[in-house]
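Examining the three-dimensional arrangement
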Amino acid sequence: MLRLKELDTLRGFAALNVVLFHYTTRYRELYHHKYPVEFDWIYGHYGVELFFVISGFVIFMTLHKVKDVREFAIKRFVRLFPTYWICLILTVVFTFLLKSGEMNKITFTQLLINITMIQGVFEVPDIDGAYWSLLPELFFYGFVAFIYAIGCLPKTKIVAVIWLALMVLNQMGLLPFGAYFLNLKYGMFFLSGMLFYELRFNKSDAIIHLLIALCLIIAVWINNLPASLYVFTGIFALFYLFIYDKLRILNFPPLLFLGYVSYPLYLLHQNLGFYLMNILKVYISSEILVIILSILTMIGLAWLVVKIVEKSMQVRLKFGIRNLLNVPFRNAS
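The notes below deal with the structure included here. (Residues numbered from 1 in each chain as written. Predicted model: local features only at pLDDT ≥ 70, side-chain atom pairs only at ≥ 80, totals over all residues. Heavy atoms only, no water.)

**Regarding the overall build of the protein**
Applied cut-off: Secondary structure elements follow DSSP: runs of H or I no shorter than four residues count as helices, runs of E no shorter than two count as strands, and numbering proceeds from the N terminus. With C-alpha atoms as the basis for the radius of gyration, the globule rule is written as 2.2 Å multiplied by the number of residues raised to the power 0.38. Each residue is assigned to one of three classes by its accessible area relative to the maximum for its type, calculated with a 1.4 Å probe on protein chains only: buried under 20%, partly exposed between the two thresholds, exposed over 50%.
Across its full length, the protein carries 12 helices and zero strands. Along the protein, helices (α) and strands (β) appear in the sequence α-α-α-α-α-α-α-α-α-α-α-α when read from the amino end. Its C-alpha radius of gyration of 20 Å places the protein within 12% of the 20 Å reference for a compact globule of 333 residues. For the C-alpha atoms alone, the extent of the protein along its principal axes is close to 60 × 50 × 45 Å. Taken over 333 residues, the protein has a buried fraction of 51%.

As structure tokens, then:
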């Protein structure tokens, strides 16, 4: 599969934003910081929406490369679940070893349901707060797999109009059911990624640009936060720069590396990072240094997951599924 370095750059940028938000603004809310609040990165949580746009682009690209829904499902399973299970286990183990009060709140049933990644469907609490965004991802995979199965993948514009209409109806309170499973709160970000794919690889036309503009307008309307207009416009602008090959200037090693480890970093950084910061604060007076050391530690742990565990598990699982189902298997994306 085609590897676009700019997407890794955007992943790295998104991951860094989320980590900085949690280690400044969110940590202040939960445990309090002593350094000035002006240093908090209050907009960092919007990195998740950037992840959703990236996912829309990448998943749509993947669907154009697979031969059927089964191959797509296997690829997604192999890409997501082994790393998720490893990070889940590490979070639980380290939480226990650090004797955090959070450990007492984790039940065995909660742990078992969290293994499925769909705990939100059953209203079971996530073991780590960062896991919340995985469910919209899974709903999106199911949605695009469905439109692929019924032969509507080439009809992106029609799919976009229908999906955006459902988002508007839901926001107006006129849709009595389905908002959760149809991804009507975050769907416009995934959809915009699909539309950006069309601009990048297929013929551009005014309707695609108009639909992307509608995604932006509806995203701002639904989120209804003062910063949404500026931040979401910035996210879409970044993708336009990517589409028209103007983002290569940002392809430098630190962001590319962060993109490489972004998935396990996202899964690991929140709770473990908070626990680590609480410990480091006892011995280090500079909270800025505490934040930097915590970021570097979580990046290192994420790299270990990718380098030592994730790759070997993915390869074994890939070949195991291939042999079990007798499915020709190309590289996971």
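**Quick notes on the packing of aromatic side chains**
Describing an aromatic ring pair means giving the distance of the ring centres and the angle of the ring planes. For clarity, the cut-off: Think of it this way: a Phe, Tyr or Trp ring, Trp meaning its six-membered ring, pairs with another when their centres are within 6.5 Å, and the plane angle makes it stacked under 30 degrees, edge-to-face over 60, tilted otherwise. Two conditions define a charge sitting above a ring: the NZ of Lys or the CZ of Arg must be within 6 Å of the ring centre, and it must be within 35 degrees of the ring normal.
Within the structure shown, the criterion is met by 38 aromatic pairs. A ring pair is formed by Phe81 and Tyr84, whose centres lie 6.5 Å apart and whose planes are at 85°; its orientation type is edge-to-face. Here Phe81 and its partner Tyr84 are both found in helix α3 (residues 69-97), three residues apart, which amounts to about one turn of the helix. No difference in accessibility class separates Phe81 from Tyr84, as the two residues are buried. Put simply, the rings of Phe57, Phe60, Phe196, Tyr197, Phe201, Phe236, Phe239, Tyr240, Phe242 and Tyr244 pair up and form one aromatic cluster. Of note, Arg76 hangs over the ring of Tyr141, and the distance from its end group to the ring centre comes to 5.5 Å. Directly above the ring of Phe242 sits Arg200, whose terminal nitrogen or CZ lies 4.9 Å from the centroid.

**As for the pattern of salt bridges**
A side chain of one charge can pair with a side chain of the opposite charge if their charged atoms are brought near each other. Cut-off, in case you're wondering: For this analysis, a salt bridge means a side-chain nitrogen from Lys or Arg found within 4 Å of a carboxyl oxygen belonging to Asp or Glu.
Scanning the entire structure with this criterion turns up nine salt bridges. A salt bridge links Glu287 to Lys281; the nearest nitrogen and oxygen atoms lie 3.5 Å apart. Classification of Glu287 as buried rests on a relative accessible area of 8%. In this structure, a network of salt bridges that share partners links the residues Glu6, Asp245 and Arg248.

**Some points on the environment of Ile222**
Relative to the helices and strands, Ile222 resides in helix α8 (residues 206-223). Ile222 gets classed as buried once you look at its relative accessible area, which sits at 14%. Taking the C-alpha atoms as reference points, Ile222 and Lys185, 37 residues apart in sequence, are found 7.1 Å from one another.

**Side note on the nonpolar core**
The cut-off we apply is this: Here, nonpolar core means buried Ala, Val, Leu, Ile, Met, Phe, Trp, Tyr and Cys residues that are tied together by side-chain atoms lying within 4.5 Å of each other. Note on contacts: a residue pair qualifies if any of its non-hydrogen atoms lie within 4.5 Å across the two residues.
Judged by nonpolar contacts, the single largest core of 106 residues is most densely connected at Phe57, Val144, Trp163, Phe189, Phe196 and Phe239. The element best represented in this core is helix α2 (residues 47-63), accounting for 12 residues. Every residue in contact with Trp163, bar those within four places of it in the chain, is listed here: Phe140, Phe143, Leu182, Asn183, Leu184, Gly187, Phe190, Leu191 and Met194.

**Overview of helix α10 (residues 253-260)**
Which entries qualify depends on this criterion: Throughout, the arc means that of the directions going from the helix axis to the C-beta atoms.
Burial in α10 covers these residues: Leu255, Leu258 and Gly259. Within α10, the buried residues cover an arc of 100° as seen down the axis, which keeps them to one side.

**Topic: the packing of α3 against helix α4 (residues 108-115)**
In a pair of packed helices, the angle between the axes and the distance between the axes together describe the arrangement. To keep it simple, the criterion reads: Inter-axis angles, ranging from 0 to 180 degrees, are taken between N-to-C directions of lines fitted to C-alpha atoms, where helices are fitted over the stretch in contact. Each angle is binned into one of four classes, with values under 35 degrees roughly parallel, values over 145 roughly antiparallel, values of 65 to 115 roughly perpendicular, and all other values oblique. Ten residue types, Ala, Val, Leu, Ile, Met, Phe, Trp, Tyr, Cys and Pro, are classed as nonpolar, four, Asp, Glu, Lys and Arg, as charged, and the remainder, Gly among them, as polar.
Close contact between α3 and α4 brings their axes to 10 Å; oriented N to C, the two are set at 160°. Viewed along their axes, α3 and α4 adopt a mutual orientation that is roughly antiparallel. The segment α3 lies against α4, with Phe81, Tyr84, Trp85, Leu88 and Val92 engaging Leu111, Asn114 and Ile115. Across the contact of α3 with α4, the residue classes tally to seven nonpolar, one polar and no charged.

**Considering the state of the cysteines**
Convention followed: By disulfide we mean two sulfur atoms from cysteines, separated by a distance within 2.5 Å.
Tallying each qualifying case throughout the model produces zero disulfides. Cys152 forms no disulfide, and the closest cysteine sulfur to it belongs to Cys215, at a distance of 18 Å. For Cys215, a relative accessible area of 0% translates into the label buried.

**Observations regarding unusual backbone geometry**
Positioned with a positive phi, His32 is a non-glycine residue whose angle comes to about 80°. Assignment of secondary structure puts His32 in the loop between α1 (5-31) and α2. With a relative accessible area of 56%, His32 lands in the exposed category. Phi is positive for Asn183, which is not a glycine, with a value near 60°. Following the sequence through the fold, Asn183 ends up in the loop between α6 (156-171) and α7 (187-201).

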